[in-house]
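Report on the structure
Listed below, chain by chain, are the residues.
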Amino acid sequence: MVKKVRYSYLPQQFENIDDLWIQLKEFVKSGDFTLGKPLQEFENKFAKLIGVKHAIGVNSGTDAIKLPLKAYGVGHGDEVITAANTFVATVGAITEIGAKPIFIDCDDTFCMNTNLIEEKINEKTKAIVPVHFTGYMTEMNHVMKLAQKYNLPVIEDACQSILGEIDNKKAGTWGDAGAFSLHPLKNLNVWSDGGLITCNDDELAKKLRLLRNHGLIDRDNVSLLGYNSRLDTIQAVVGNWLIPQTNSIADKRIENAAYLDSNLSKINSITLPPRPKNYKIVYHLYIVFAEKRDELLEYCLTKGIEAKVHYPIPIYRQPALSFLNHSEGDFPVTDSHAKKIISFPCDQHLEKEELDYIINTVSSFYSKSKSDN
Ligand SMILES: *Cc1c(COP(=O)(O)O)cnc(C)c1O
């Protein structure tokens, strides 16, 4: 009987890395630390993986959202449409350049309900940042129609959905730019912060390369004021080592999620989110809706399962955003999710035994609470 199902798989992910240590030693000898050759290699591999012309390495997923907004001239007083239930980083990227996030409620796919976007568009609206949350994707066919109608740039926050797809078209290839994170907790993870921007436009790519490196054309010429936001070349060495596994990581997560789905769906008190056939969901997070969520969470924790809630307090209700004057009830679907969502481990390093332990524990919680009544 498994005693513990851990949430973090990082010790396993980097257990057998003798070949990577050799590459890192070689790299350190080269001294090629900033914008070095391994970074260019990694950018090329990543662009190929996603199926875009350009990938630009930056120092975080947050900056991968911020720099494209900046490139499109979004700034003070402008409004940017995004999801009410995202991770704080999306909002941080928007507010850091002085713009105001305009939130849209989500639907049961955890992504924004695109039917609610149009009524929020006005003359101040300068961009749309759909968030492909938890491994799902926002309904991009609709987002792109609206973007065309109102001539708005679209920056996809694809930080949680690398290799996610709708209609066989990948996250980060629909909008004007896609933002990815390499944070240790993301599906493709390096040993520190890092991110990538994907795009197909040559001029945009050129501008983003300037923006991430102080606007330097070369060491003596500054063409615009940018940021220090390079992806460390040493992290690109790690990225080059891991990137061949990206597809199998997604496939394994999908397989684990299907197994959990087919078993958890038999439990009356658990409801699965919709799994549309034309979506490839990559399960950065595996989330279901649960009755008596708080008690179930507590029970799982006492049984050694590191279940979590992403997130108990939606970003729009956080004290840091009180200046937007939102109150509970403004985004009712987001609010109702916060009370019933629970996340279970679903990563590529889980054993079937551990998945069975999750299923049996959830099942025993509900049969126990039934007999308590
Ligand atoms: C992780 C994440 C980001 C960016 O994160 P960084 O930690 O800056 O790499 C942005 N949006 C979402 C939804 C995320 O999960």
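The shown structure was predicted, so the numbers you read here are calculated from the model rather than taken from an experiment.

**Quick look at the pattern of salt bridges**
Across all of its chains, the model carries 19 salt bridges by this definition. A salt bridge links Asp-202 to Lys-53; the nearest nitrogen and oxygen atoms lie 3.0 Å apart. Linking Asp-202 in helix H7 (residues 202-211) with Lys-53 in the loop between helix H3 (37-50) and strand S1 (54-58), this pair joins segments that are 149 residues apart in sequence. We classify Asp-202 as partly exposed; its relative accessible area is 41%.

**Structural notes on empty space enclosed by the protein**
Going through the model one piece at a time under the given rule, you end up with 2 cavities of 30 Å³ or more. A volume near 120 Å³ is recorded for the largest cavity. Lining the largest cavity are 14 residues, and of these Asn-85, His-310, Tyr-311, His-337 and Ile-341 lie nearest its centre. For the lining of the largest cavity, the element with the most residues is helix H11 (residues 332-340), which contributes 3 residues. Here the lining of the largest cavity is built from residues that sort into 8 nonpolar, 6 polar and no charged.

**A short note on the site of the ligand**
Looking at the ligand, there are 15 residues lining it, with Thr-62, Asp-157, Gln-160, Ser-181 and Lys-186 nearest. One of the side-chain nitrogen or oxygen atoms of Asp-157 is found 2.7 Å away from a nitrogen atom of the ligand. Ser-181 has a polar side-chain atom sitting 2.6 Å from an oxygen atom of the ligand. About the coverage of the ligand: the protein hides 93% of its 380 Å² of free accessible area. At a threshold of 2 Å from the grid points, most atoms of the ligand map onto the largest pocket. By residue number, the principal contributor to the shell around the ligand is helix H4 (residues 61-71), which donates 3 residues. Residue composition of the shell around the ligand, grouped by class: 5 nonpolar, 8 polar and 2 charged.

**Observations concerning the domain arrangement of the protein**
Under the domain assignment, the protein is made up of domain 1 (10-244) and domain 2 (247-372). Taken over C-alpha atoms, the centre of domain 1 sits 26 Å from the centre of domain 2. Roughly 3100 Å² is buried in total at the junction of domain 1 and domain 2, and carbon and sulfur atoms are behind 61% of that figure. Per-residue buried area on domain 1 facing domain 2 is highest for Phe-110, Tyr-136 and Asn-187; these three make up 19% of the total on that side. Here domain 1 and domain 2 share 0 salt bridges between them. Counting every contact that joins domain 1 to domain 2 gives 13 residue pairs in polar contact (both at pLDDT 80 or more). Within the residue set of the side of domain 1 that touches domain 2, elements represented by two or more residues are helix H1 (10-13), helix H5 (88-96), strand S3 (100-104) and strand S6 (165-166). It is S3 that provides the largest number of residues to the side of domain 1 that touches domain 2, a total of 4 residues. Residue classes in the side of domain 1 that touches domain 2 are distributed as 17 nonpolar, 12 polar and 8 charged.

What counts, and at which threshold
Residues numbered from 1 in each chain as written. Predicted model: local features only at pLDDT ≥ 70, side-chain atom pairs only at ≥ 80, totals over all residues. Heavy atoms only, no water. Salt bridge = Lys/Arg side-chain N within 4 Å of Asp/Glu carboxyl O. Helix = DSSP H or I, 4+ residues; strand = E, 2+ residues; numbered from the N terminus. Buried < 20%, exposed > 50% of the residue type's maximum accessible area, 1.4 Å probe, protein only. 1 Å grid on protein atoms, 1.4 Å probe; cavity = no way out; pocket = protein on both sides within 12 Å on 5 of 7 lines; lining within 4 Å. Points joined across faces, edges and corners; volume = space filled by probe spheres on them. Nonpolar A, V, L, I, M, F, W, Y, C, P; charged D, E, K, R; others polar. Near = heavy atom within 4 Å. Polar contact = N/O pair within 3.5 Å; in protein donor to acceptor, adjacent residues only side chain to side chain. Areas by Shrake-Rupley, 256 points an atom, 1.4 Å probe, with all protein chains shown as cover. Sits in = over half its atoms within 2 Å of the grid points. Domains from an automatic or database assignment. Buried area = accessible area lost by both parts, 1.4 Å probe.

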